[in-house]
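Inside the fold
What follows is each chain in one-letter form.
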Amino acid sequence: MDRNETIKHHLSDALLMNYSAGTLPEAFDLAVAAHVSLCDSCRARMMAFDTVGGAVLESTEEAEVSEDSLAATLRLIETAPAEKPLPVRRGGVLPTPIQRYVGGDVDAVSWRRLGGGVYDSVIPVQGEAKVRLLRIPGGAAVPDHGHEGGELTLVLKGAYRDEIDRFGPGDVEFADDDLNHTPVAETGEDCICLAATEAPLKFRKLLPRIAQRVMRI
Ligand SMILES: [Zn+2]
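An account of the accompanying structure is given in this report. In this text, all values refer to a predicted model and were calculated from it rather than measured experimentally.

**Overview of the overall build of the chain**
A count of helices and strands for the chain gives six helices and nine strands. By the burial criterion, 38% of the 217 residues in the chain qualify as buried. A separation of at least 24 residues holds for 64% of the contacts in the chain among residues at least 6 apart in sequence. Summing over all exposed atoms, the chain offers an accessible surface of approximately 12700 Å²; the carbon and sulfur share of this is 53%.

Structure below.
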């Protein structure tokens, strides 16, 4: 199945722009990278923002670097160990960016029981924003995982519904703390999601500011 055709809910321009500018907390970086790896249309939009960033760099006044920096960089490239290729798993659940963190597909995830048949697994990242995998049995409500700030959820398997819509594999939902939603996993298979949550009050203010700077508005 081509997952692309089933994706209905996409990343906002603000998230893609901040991803492209490299200003997202690592937790959100991972969620955005995972969606982009599944979604042609968001990948195309992201590349457009990369182009804008490149144009800004091109028009930036050059700064001097030390004389031996080119030789030193080339030496680093020559001596760096080759990156270990990730085993390709066809029909896997986790997109490649998440597999890099987990060290494999869902069978490599160490789940922690939360009660009510719900499991989670926190993925270690830098910064105050957090990211975790959630596994919710069909028919069960997604547990409250902190709504003090913004939250970006990416569905990897199964589906859930809330007051907004139905979210299936590849779909993303960005909820800020004003949205009081109650996601419930669709009956049938387990719903597996990646959920990134911001540190309270900080990240939400960051988004519009960076977007303004990049767009020069
Ligand atoms: Zn998309």
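So much for the structure itself; the text now carries on.
**Side note on the coordination of the zinc ion**
Coordination of the zinc ion by the protein comes from His 10 (ND1), His 35 (NE2), Cys 39 (SG) and Cys 42 (SG), over a distance range of 2.1 to 2.3 Å. Around the zinc ion sit four donor atoms, and with donor-metal-donor angles ranging over 95 to 129 degrees the site reads as tetrahedral. Considered as a linear motif, the donors of the zinc ion on their single chain read H-x24-H-x3-C-x2-C. With His 10 in the segment before α1 (13-21) and His 35 in helix α2 (residues 26-38), this pair connects stretches of sequence that are 25 residues apart. His 10 sits in the partly exposed class, given a relative accessible area of 34%.

**Things to note about the side chain of Arg 132**
Within the element layout of this structure, Arg 132 appears in strand β3 (residues 130-136). Discounting residues that sit within four places of it in the chain, Arg 132 has contacts with Arg 112, Asp 120, Ser 121, Val 122, Ile 123, Cys 193, Leu 194 and Ala 195.

**Digging into α1**
Among the residues making up α1, those that are buried are Leu 15, Leu 16, Met 17 and Asn 18. Two residues or fewer after α1 comes Gly 22, characterised by a positive phi angle close to 75 degrees.

**As for the pattern of salt bridges**
With the rule as written, the count across this model stands at eight salt bridges. Here Glu 189 makes a salt bridge to Lys 157, at a shortest N to O gap of 3.4 Å. Residue Glu 189 is found in the loop between β8 (184-185) and β9 (191-197), and its partner Lys 157 is found in strand β4 (residues 151-157); the two are separated by 32 residues along the sequence. Of the residues examined, Lys 157 reaches a relative accessible area of 26% and is grouped as partly exposed. For Arg 166, the salt bridge is made with Glu 186, and the minimal N-O distance between the two is 2.7 Å. Pair noted here: Arg 166 is in strand β6 (residues 166-167) and Glu 186 is in the loop between β8 and β9, with a separation of 20 residues, a long-range link. With relative accessibility at 32%, the residue Arg 166 sits in the partly exposed group. Through salt bridges that share partners, Arg 112, Asp 120 and Arg 132 make up one connected network.

**A few points about the sheet that holds strand β7 (residues 172-175)**
Hydrogen bonds between backbone groups are what pair the strands of a sheet, and the pairing can be parallel or antiparallel. Pairing in this open sheet of six strands is antiparallel, and the strands run β1-β2-β3-β9-β4-β7 from one edge to the other. Both outer strands of the open sheet, β1 (112-115) and β7, are each paired with one neighbouring strand and no more. Averaged over all pairs of adjacent strands, the angle between strand axes in this sheet comes to 25 degrees, irrespective of strand direction. In this sheet, strand β2 (residues 118-123) lies alongside β1 in antiparallel orientation, the contact comprising three bridges.

**Observations regarding the environment of Leu 11**
Here Leu 11 lies in the segment before α1. Along the chain, Leu 11 and Asp 171 lie 160 residues apart, while their C-alpha atoms are 8.9 Å from each other.

**Considerations on a nonpolar patch on the surface**
Taken together, the side chains of Leu 70, Leu 74 and Ile 77 make up a nonpolar region of the molecular surface, amounting to roughly 330 Å² of accessible area. Considering the arrangement of structural elements, one finds Leu 70 in helix α4 (residues 69-79).

**As for the packing of aromatic side chains**
Applying the stated criterion across every chain, the model contains one aromatic pair. Over the aromatic face of Trp 111 sits the side chain of Arg 135, whose NZ or CZ is 5.1 Å from the ring centroid. Seen from the ring of Tyr 119, Arg 135 lies directly overhead, with NZ or CZ sitting 4.6 Å from the centre.

**Overview of the sheet that holds β6**
Ordered in space as β6-β5-β8, the three strands form an open sheet in which the pairing is antiparallel. A single partner strand is all that each edge strand has here, and the edge strands are β6 and β8.

**What to know about the nonpolar core**
In terms of nonpolar packing, the biggest core is built from 34 residues, with Leu 11, Ile 98, Leu 133, Leu 156 and Leu 194 touching the most fellow members. When residues of this core are traced back to their parent elements, those giving at least two are α1, α2, α3 (40-58), α5 (96-102), β3, β4 and β9. Top contributing element to this core by residue count: α2, with eight residues. Other than its neighbours up to four places away in sequence, Leu 11 contacts Leu 16, Val 32, His 35, Val 36, Cys 42, Arg 45, Leu 152 and Val 172. The next biggest cluster of nonpolar side chains, apart from the first, holds 12 residues, and it includes Val 118, Ile 136, Ala 185 and Ala 195.

Calculation rules
- Counting restarts for each chain, with residues numbered from 1 along the sequence as it is written.
- Restriction of local features to residues with pLDDT of at least 70 applies here, the model being predicted, together with a cutoff of 80 or more for giving and counting side-chain atom pairs; totals for whole chains, interfaces and linings are based on all residues.
- To obtain the side-chain values, all non-hydrogen atoms of the structure were used and water was disregarded.
- A run of DSSP states H or I qualifies as a helix once it reaches four residues; a run of E qualifies as a strand once it reaches two. Both are numbered from the N-terminal end.
- The rule is simple: take the accessible area with a 1.4 Å probe, protein chains only, and divide by the maximum for that residue type; under 20% is buried, over 50% is exposed, in between is partly exposed.
- Between two residues, a contact is recorded if the distance between any of their heavy atoms is within 4.5 Å.
- Per-residue and other accessible areas were derived by the Shrake-Rupley procedure at a 1.4 Å probe size, with only the shown protein chains allowed to occlude residues.
- Water is not part of the atom set, so a site may look incomplete; the donors themselves are N, O and S atoms within 2.8 Å of the metal, or 3.2 Å for Na, K and Ca.
- Angle rules define the geometry names used: all angles between 85 and 135 degrees makes four donors tetrahedral, while opposite donors over 155 degrees apart and all other angles between 65 and 115 make four donors square planar and six octahedral, leaving every other case irregular.
- Between Lys or Arg on one side and Asp or Glu on the other, a salt bridge is scored when a side-chain nitrogen of the former is within 4 Å of a carboxyl oxygen of the latter.
- Following DSSP output, two strands are said to pair if at least two bridges run between them.
- Every axis corresponds to a line fitted to the C-alpha atoms, with the helix fit spanning only the stretch in contact, and the corresponding angles, defined between N-to-C directions, vary from 0 to 180 degrees.
- Only residues whose relative accessible area exceeds 30% and that form no salt bridge enter a patch; like-charged residues are grouped when within 9 Å of one another, and nonpolar side chains (Val, Leu, Ile, Met, Phe, Trp, Tyr) when within 5 Å.
- Pairing of aromatic rings covers Phe, Tyr and the six-membered ring of Trp, with a centre-to-centre limit of 6.5 Å; geometry is then stacked below 30 degrees between planes, edge-to-face above 60, and tilted otherwise.
- When the NZ atom of lysine or the CZ atom of arginine is within 6 Å of a ring's centre and also within 35 degrees of its normal, the charge is said to sit over that ring.
- To qualify as a nonpolar core, a set must consist of buried Ala, Val, Leu, Ile, Met, Phe, Trp, Tyr and Cys residues joined through side-chain atoms within 4.5 Å.

Read these as spatial facts, not as claims about activity.
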